[in-house]
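# Per-entry structural report
Given next are the chains, with one letter for each unit.
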Amino acid sequence: MWITSIERGPFANNLYLTGPDQGEECAAIDPAWAIDELIELAASRGRRITKILQTHGHIDHAIGVNEMRRKTGAQVYGHPAEHRLFQENDSQFLAMLGHQWEPIALDVEYQDGDVVAMGLRADGTPDAFRVIHTPGHTPGGVCLLCQDFLIAGDTLFAGSVGRWDFPGGDGAQLFASIREKLLVLPDDLPFFSGHGPSSTIGEERRYNPYLRMSPEQLGIAGRGKYM
């Protein structure tokens with residue numbers, strides 16, 4: 001599987017395109033901003049966007065989803081526990097950004113362990129993402145795992161973790177998700193987050209300061225670095 005990204009928007013979001021080695025299709029991950037640019041980037045690779053895979057429903061990851069669906073015909077995938085965010089989101093925050101929220105209807109609801117088929121690898125074998133439900137940053141946050149890398153959304157960052165002080169966030173759930181579902185993956189597995197640089201699972205296991213703190217040090221109302 002290949003992956004490419006651009007950083008756009010007022011919160012410096014990483015917007016990803018990813019797809020199999022063979023074929024004309026690809027997926028957009030959390031396409032909140034620069035929709036036309038993403039579509040053009042896919043076309044420059046001889047690809048068309050047929051899937052929109054949401055790691056979660058926060059505004060900075062989802063504000064452009066309906067625009068991309070209208071312009072590409074792509075199907076929107078997300079976890080059903082994000083229903084409130086996909087339907088309502090934060091109108092006050094949107095007003096500050098000069099936007100209005102358009103509710104998002106999911107075409108496909110995915111659950112923990114589901115597989116999203118992505119086409120064929122260079123050797124002709126099937127490629128796919130496995131859905132890993134990682135609640136804590138939001139109730140329906142997910143990470144997406146393929147053979148080559150992990151899409152971590154806002155669950156885990158290089159040197160940080162997702163915030164848990166927004167409505168629906170839960171610090172205990174977040175750290176359980178990271179320790180029980182992500183840190184069990186291979187050390188050399190690269191991952192790509194919703195903000196900031198990429199890293200590897202082993203790098204974060206060894207050096208991420210948030211993963212070395214006790215619950216008392218973190219504090220019940222603490223938060224990570226990014227949105």
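Up top is the structure.
Everything numeric here is computed off the predicted structure, so don't read it as measured data. (Residues numbered from 1 in each chain as written. Predicted model: local features only at pLDDT ≥ 70, side-chain atom pairs only at ≥ 80, totals over all residues. Heavy atoms only, no water.)

Okay, the state of the cysteines next. Enumeration according to the criterion identifies 0 disulfides in this entry. Unpaired in this structure, C26 has its nearest cysteine sulfur neighbour in C146, at a distance of 14 Å. Here C146 falls in the buried class, since its relative accessible area comes to 6%. (Disulfide = S-S within 2.5 Å. Buried < 20%, exposed > 50% of the residue type's maximum accessible area, 1.4 Å probe, protein only.)

Now for the sheet that holds strand β7 (residues 115-120). Taken in spatial order, the 6 strands line up as β7-β8-β9-β10-β13-β14 in an open sheet, and their pairing is mixed. Looking at strand neighbours, the two that pair on one side only are β7 and β14 (199-200), the edges of this open sheet. In this structure, β7 lies alongside strand β8 (residues 126-133), joined through 5 bridges in antiparallel fashion. Paired with V116 across the bridge in β8 is F129. (Pairing = 2+ DSSP bridges. Helix = DSSP H or I, 4+ residues; strand = E, 2+ residues; numbered from the N terminus.)

Turning next to helix α6 (residues 171-182). For α6, with 12 residues, the first-to-last C-alpha span of 16 Å sits near the 16 Å given by 1.5 Å per residue. Regarding α6, the residues found buried are G171, L174, F175, S177, I178 and L182. Within α6, the buried residues cover an arc of 150° as seen down the axis, which keeps them to one side. Pointing more than 90 degrees away from the buried face of α6 are the exposed residues A172 and E180. (Expected span 1.5 Å × (residues − 1). Arc of directions from axis to C-beta.)

Next up on the list: the sheet that holds strand β2 (residues 13-19). Pairing is mixed in the open sheet, where 6 strands are placed in the order β1-β2-β3-β4-β5-β6. Every other strand in the sheet has two partners, leaving β1 (2-8) and β6 (108-109) as the edge strands with one partner each. Relative to β6, strand β5 (residues 75-78) runs parallel, the two sharing 2 bridges. Residue pairing across strands places Y77 opposite V108, the latter belonging to β6. Helix α3 (residues 65-72) rests against β3 (25-29), β4 (48-53) and β5 of the sheet, and its axis sits at about 150° to β4. (Contact = heavy atoms within 4.5 Å. Axes fitted to C-alpha atoms, helices over the stretch in contact; angles between N-to-C directions.)

All right, on to the pairing of β3 then. For a regular strand, side chains alternate in direction, first toward one face of the sheet and then toward the other. For β3, a buried count of 4 out of 5 residues is recorded, marking the element as mostly surrounded by other parts of the structure. Inspection of the sheet shows β2 paired to β3 by 3 bridges, in the antiparallel sense. Pairing of L17 across the sheet is with A28, part of β3. Linkage of β2 to β3, two consecutive antiparallel strands, is achieved through a turn of 5 residues, within which G23 is found at a positive phi near 100°. Where β3 and β4 come together, 5 bridges link them in parallel fashion. Among the inter-strand pairings, E25 is bridged to a residue of β4, identified as R48. Running through helix α1 (residues 35-44), the crossover from β3 to the neighbouring parallel element β4 is right-handed. (Right-handed = clockwise from strand over helix to strand, strands pointing away.)

Of all hydrophobic cores here, the largest spans 24 residues; its most connected members are L17, I49, I63, M68 and I104. When contributions to this core are tallied by element, the ones reaching two or more residues are β1, β2, β3, α1, β4, α2 (59-62) and α3. Top element by residues in this core is α1. It accounts for 3 residues. W164, F175, I178 and L183 belong to the second largest nonpolar core, which has 19 residues in total. (Core = buried A, V, L, I, M, F, W, Y, C linked by side-chain atoms within 4.5 Å.)

In this section: the packing of α1 against α3. At a closest axis distance of 10 Å, the pairing of α1 and α3 adopts a crossing angle of 45°. Of the possible angle classes, the one that applies to α1 and α3 is oblique. α3 is crossed by α1, and the crossing has right-handed handedness. Contacts from I35, D36, L38 and I39 of α1 reach α3 at E67, M68, K71 and T72. Of the residues that constitute the contact of α1 with α3, the class distribution is 4 nonpolar, 1 polar and 3 charged. (Parallel < 35°, antiparallel > 145°, perpendicular 65-115°, else oblique. Left-handed = near helix turned anticlockwise from the far one by under 90°. Nonpolar A, V, L, I, M, F, W, Y, C, P; charged D, E, K, R; others polar.)

Take the environment of G113 next. If you trace the backbone, G113 turns up in the loop between β6 and β7. For the pair G113 and R84, spaced 29 residues apart in sequence, the C-alpha to C-alpha distance is 22 Å. Non-local contacts of G113, meaning those with residues more than four positions away in its chain, are made with R130 and V131.

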